[in-house]
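# An overview of the molecular structure
In case you want the letters, here they are:
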Amino acid sequence: MTFSAHHRNSFINRLKSETFDLLVIGGGITGAGIALDAATRGLKVALIEKDDFAYGTSSRSTKLIHGGLRYLKQLEFALVKEVGSERAIVHRLAPHLVVPEKMLLPLYERRGLGYWLTSVGLKIYDWLAGVKPEDQRKMLTRQQTLAAEPLLKSDGVKGGALYAEYRTDDARLTIEIIKLAVQHGACALSYVRATDFRLDQEKVAGVKAVNVVSGEAIDIQATAVVNAAGPWVDELREINRSRTGKQLHLTKGVHIVVPYHRLPVRQAIYFDVPDGRMIFAIPRGRVTYIGTTDTDYTGQMDEVQATHDDVEYLLHAANDTFPSALLTFADVESSWAGLRPLIHEEGKSASELSRKDEIFESPTGLISIAGGKLTGYRKMAERVVDRVVDLYFASANLKPCQTSRHKLPGGDFDSVEDVIRMQAELAERLGKLNMRGNEATNLVHLYGRQAWQIVAHLEVNPDWHHQPEQALVLAKAWFAIHFEMALYPVDFFVRRSALVYFNHPKALRYAEAVLEFYANDFHWPASEVDKQRELLLNEMNRVVNFNQSK
């Protein structure tokens with residue numbers, strides 16, 4: 001059975017009729033990683049998510065699988081070592097989706113760590129993170145730094161450093177992990193909300209949930225339950241009456257997107273600003289995105305968005321570093337804002353809080369995990385599943401963690417060169433369909449080998465060929481519905497294709513065509529089409545509607 005939105009009822013029936021070894025609440029990167037780890041060890045796993053998969057933090061990060069250079073500054077050496085080695089593993093599991101990226105770090109007089117401390121620090125970073133020789137840091141003179149990035153303000157530049165990072169698409173990484181978990185027997189469902197816990201002799205034995213699509217109540221039975229709900233972890237601990245001791249501290253991170261021609265940086269840049277924060281400017285195809293902020297957040301978790309002040313801060317930071325850009329609010333074509341579910345530490349500011357993950361266990365047996373980073377999802381999952389096994393399945397003789405051995409869907413490449421070869425082959429196929437070859441780069445990055453299915457679907461639908469750009473969008477929507485449980489157009493535009501973030505004009509252009517495609521595929525009445533149109537347009541407006549919000 002494919003992971004199709006049309007098979008949702010079959011997955012719902014499994015939730016209602018089976019007893020699971022492990023139920024995971026939360027369909028972000030952490031919950032996805034836990035579900036995959038448990039399923040590949042041989043446990044019977046269910047995962048539920050109250051909205052779409054990767055709805056929260058896992059579609060709104062800086063979209064880097066990085067080695068944690070900032071953690072070195074905080075002297076968190078073990079964290080640098082772990083995320084550095086994990087970065088290499090995740091790249092191997094999905095070479096198309098986790099892409100090597102050279103990062104330029106400009107160094108200034110009387111700012112930051114200074115040239116020699118940075119040189120030594122990056123050397124330690126390379127050693128701790130196990131960076132390959134060809135990717136190890138290269139220190140640059142002032143002249144070399146300004147030649148590497150002519151847009152940089154030259155005042156005070158002392159030198160620079162080039163080091164290795166990896167760029168990804170966080171939501172697609174999450175969905176591929178969930179798809180792989182399903183291939184190993186997991187039952188994963190979006191739009192299923194946990195409302196209470198089932199108790200057996202004062203111990204958690206599953207959850208009471210609601211099917212958000214139909215409103216139907218569902219009883220889910222499970223031996224162990226893990227709360228991996230990200231920013232919503234404490235809400236579930238509250239329901240479980242176990243919100244005691246350590247609490248979450250939510251901080252907001254905002255990114256803005258501008259057309260590449262307005263900030264045509266030659267490579268990704270990690271620069272510091274006068275208030276001490278470090279900001280990324282990362283080129284991605286037709287755009288450059290800039291971020292992130294780090295501020296305390298106490299508002300509604302489902303309504304987090306970039307405000308006027310957030311955008312102004314990032315524009316000021318970019319213009320201070322790249323003065324010829326002269327960016328204004330009119331240049332910002334999209335944005336996103338996410339919440340970091342960090343562990344509260346008294347007296348520390350948002351930027352000073354540790355990104356380490358932590359596991360909480362309640363008297364009723366609920367296991368909760370919070371903190372952590374995108375890069376460390378696999379090790380976080382391993383620690384959680386190890387604990388579940390120790391508590392509930394110690395005598396089951398289960399396999400140890402297997403996830404470093406399983407390539408993600410579409411990731412069957414031996415090297416980066418293999419990825420590049422596929423891009424060339426795909427471009428040739430697309431050319432025969434009157435489509436631009438550069439679309440192949442984006443297709444392979446997002447889907448890997450699965451892109452062949454999308455192109456094959458295009459080839460058997462000749463009626464679409466008179467509008468090639470629209471045809472490709474519709475083929476991606478078809479794939480999202482039939483292989484990625486994308487129930488609604490907003491799921492496709494935001495979390496399966498990221499068009500709302502990285503090509504907002506195209507998303508607006510083809511919103512109606514995708515709505516019509518969904519309506520035909522699901523046989524929606526006009527009222528449902530109107531409802532979905534409103535949800536989609538609200539989301540498209542939200543990412544540009546920061547002028548009215550302070």
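In this report, the structure presented in the accompanying data block is examined. Just so you know, these numbers come straight off a predicted model, no measurement behind them.

Moving on to the overall build of the protein chain. Tallying secondary structure elements over the protein chain gives 18 helices and 18 strands in all. The C-alpha atoms of the protein chain give a radius of gyration of 23 Å, which matches the 24 Å a tight globule of 550 residues would have. Taken along its principal axes, the extent of the C-alpha atoms in the protein chain is 65 × 60 × 50 Å. A total of 550 residues make up the protein chain; the buried ones form 61% of that total. Total accessible area on the protein chain is roughly 21800 Å²; 51% of this is exposed by carbon and sulfur atoms. Side-chain charges of the protein chain comprise 66 positive and 68 negative groups, with the mean position of each set lying 4 Å from the other.

Two elements in contact, helix H11 (residues 416–432) and helix H13 (residues 451–459), have axes separated by 11 Å at closest approach and are oriented at 10°. By the angle between their axes, H11 is roughly parallel relative to H13. Seen from H11, the contacting residues are Met422, Glu425, Leu426, Arg429 and Leu430; seen from H13, they are Ala451, Trp452, Val455, Ala456 and Glu459.

Turning to the pairing of strand E14 (residues 287–291), a few remarks are in order. Most of E14 sits out of view: 5 of its 5 residues are buried. Of the two faces of E14, the one holding Val287, Tyr289 and Gly291 and the one holding Thr288 and Ile290 are both buried throughout. As defined by bridge partners, strand E11 (residues 248–259) adjoins E14 across 5 bridges and the pair is classed as antiparallel. The residue bridging Pro259 from the neighbouring strand is Val287, located in E14.

Here we take up the side chain of Arg172. Counting through the fold element by element, Arg172 comes out in helix H7 (residues 170–183). The exposure class of Arg172 is buried, given its relative accessible area of 0%. For Arg172, the side chain forms a polar contact with the side chain of Glu176, separated by 2.9 Å.

Our next topic: the packing of aromatic side chains. For the structure on display, the rule yields 22 aromatic pairs. Connected via pairs of aromatic rings, a cluster forms that spans Tyr191, Tyr488, Tyr518, Phe522 and Trp524. Between Lys50 and the ring centre of Trp232, over which it is positioned, the NZ or CZ distance is 4.5 Å. One Lys or Arg, Lys63, reaches over the ring of Trp336 and ends 4.7 Å from the middle of that ring.

We now examine the nonpolar core. Residues Leu15, Ile34, Ile48, Leu173, Val207, Leu263 and Phe322 are the most contacted members of the largest nonpolar core, which totals 194 residues. In terms of residues, this core owes the most to one element, helix H14 (residues 468–483), which gives 10 residues. Not counting chain neighbours up to four residues away, the residues in contact with Ile48 comprise Leu15, Leu23, Val24, Ile25, Gly26, Gly27, Leu189, Val192, Ala194, Val207, Ala209 and Ile220.

The next subject is the pattern of salt bridges. The full count for this structure, using the stated rule, is 45 salt bridges. Asp234 is the partner of Arg243 in a salt bridge, and the nearest nitrogen-oxygen pair spans 3.5 Å. A relative accessible area of 5% means that Asp234 is categorised as buried. As a salt-bridge pair, Lys506 and Glu439 come within 3.4 Å of each other at their nearest N and O atoms.

All right, on to helix H5 (residues 115–129) then. Along its 15 residues, H5 runs 21 Å from first to last C-alpha, staying within 8% of the 21 Å computed at 1.5 Å per residue. Those residues of H5 that fall on the buried side of the exposure criterion are Tyr115, Thr118, Ser119, Gly121, Leu122, Tyr125, Asp126, Leu128 and Ala129. Just beyond H5, the residue with positive phi is Gly130, at close to 65°.

Now for the environment of Ser17. Looking at the secondary structure, you find Ser17 in helix H1 (residues 8–17). Distance from Ser17 to Leu117, taken between C-alpha atoms, is 60 Å for residues 100 residues apart in sequence. Within the structure, the side chain of Ser17 is placed 2.7 Å from the backbone oxygen of Asn13, a separation counted as a polar contact.

We now examine the packing of H11 against helix H12 (residues 439–447). In the contact formed by H11 and H12, the axes pass within 8 Å of each other and the chain directions differ by 130°. In terms of orientation, H11 lies oblique with respect to H12. Viewed along their axes, H11 and H12 form a crossing whose handedness is right-handed. Judged by residue contacts, Val419, Met422, Gln423, Leu426, Ala427 and Leu430 of H11 engage Glu439, Ala440, Thr441, Leu443 and Val444 from H12. Grouping the amino acids of the contact of H11 with H12 by side-chain chemistry returns 8 nonpolar, 2 polar and 1 charged.

Once that is clear, we can look at the environment of Asp412. Mapped onto the secondary structure, Asp412 falls in the loop between helix H10 (377–392) and H11. For Asp412, a relative accessible area of 54% puts it in the exposed group. Placed 230 residues apart in sequence, Asp412 and Val182 show a C-alpha to C-alpha distance of 18 Å.

Let us now look at unusual backbone geometry. Residue Thr292 follows Gly291 across a cis peptide bond; omega there is 20°. Of note in this structure, Asn397 is not a glycine but carries a positive phi near 55°. The phi torsion at Met485 lies on the positive side, around 50°, for a residue other than glycine. Note on placement: Met485 falls in the loop between H14 and helix H15 (489–496).

Attention shifts here to H10. Within an α-helix, residues lying three or four positions from one another point in the same direction, as the helix has 3.6 residues per turn. In this model, H10 (16 residues) spans 22 Å end to end at C-alpha, consistent with the 22 Å of a helix rising 1.5 Å per residue. Buried within H10 we find Tyr377, Arg378, Met380, Ala381, Glu382, Val384, Val385, Val388 and Val389.

What follows concerns the environment of Ala513. Within the secondary structure, Ala513 is located in helix H17 (residues 504–522). Between the alpha carbons of Ala513 and Gln470 there is a distance of 7.8 Å; along the sequence they are 43 residues apart. If sequence neighbours within four positions are ignored, Ala513 has contacts with Gln470 and Leu474.

Side chains of Leu75, Phe77, Val120, Ile124 and Trp127 sit close together on the surface and give an oily, nonpolar patch of about 560 Å² of accessible area. Looking at which element gives the most residues to the nonpolar patch, the answer is H5, with 3 residues. Assignment of secondary structure puts Phe77 in helix H4 (residues 77–93).

Procedures and definitions
- Residues numbered from 1 in each chain as written.
- Predicted model: local features only at pLDDT ≥ 70, side-chain atom pairs only at ≥ 80, totals over all residues.
- Heavy atoms only, no water.
- Helix = DSSP H or I, 4+ residues; strand = E, 2+ residues; numbered from the N terminus.
- Rg over C-alpha atoms; globule rule 2.2 N^0.38 Å.
- Buried < 20%, exposed > 50% of the residue type's maximum accessible area, 1.4 Å probe, protein only.
- Areas by Shrake-Rupley, 256 points an atom, 1.4 Å probe, with all protein chains shown as cover.
- Lys, Arg positive; Asp, Glu negative; His and termini not counted.
- Charge placed at Lys NZ, Arg CZ, Asp CG, Glu CD.
- Axes fitted to C-alpha atoms, helices over the stretch in contact; angles between N-to-C directions.
- Parallel < 35°, antiparallel > 145°, perpendicular 65-115°, else oblique.
- Contact = heavy atoms within 4.5 Å.
- Pairing = 2+ DSSP bridges.
- Polar contact = N/O pair within 3.5 Å; in protein donor to acceptor, adjacent residues only side chain to side chain.
- Phe/Tyr/Trp six-rings, centres within 6.5 Å; stacked < 30°, edge-to-face > 60°.
- Lys NZ or Arg CZ within 6 Å of the ring centre and 35° of its normal.
- Core = buried A, V, L, I, M, F, W, Y, C linked by side-chain atoms within 4.5 Å.
- Salt bridge = Lys/Arg side-chain N within 4 Å of Asp/Glu carboxyl O.
- Expected span 1.5 Å × (residues − 1).
- Left-handed = near helix turned anticlockwise from the far one by under 90°.
- Nonpolar A, V, L, I, M, F, W, Y, C, P; charged D, E, K, R; others polar.
- Patch = residues over 30% accessible without salt bridge, like charges linked within 9 Å, V, L, I, M, F, W, Y side chains within 5 Å.

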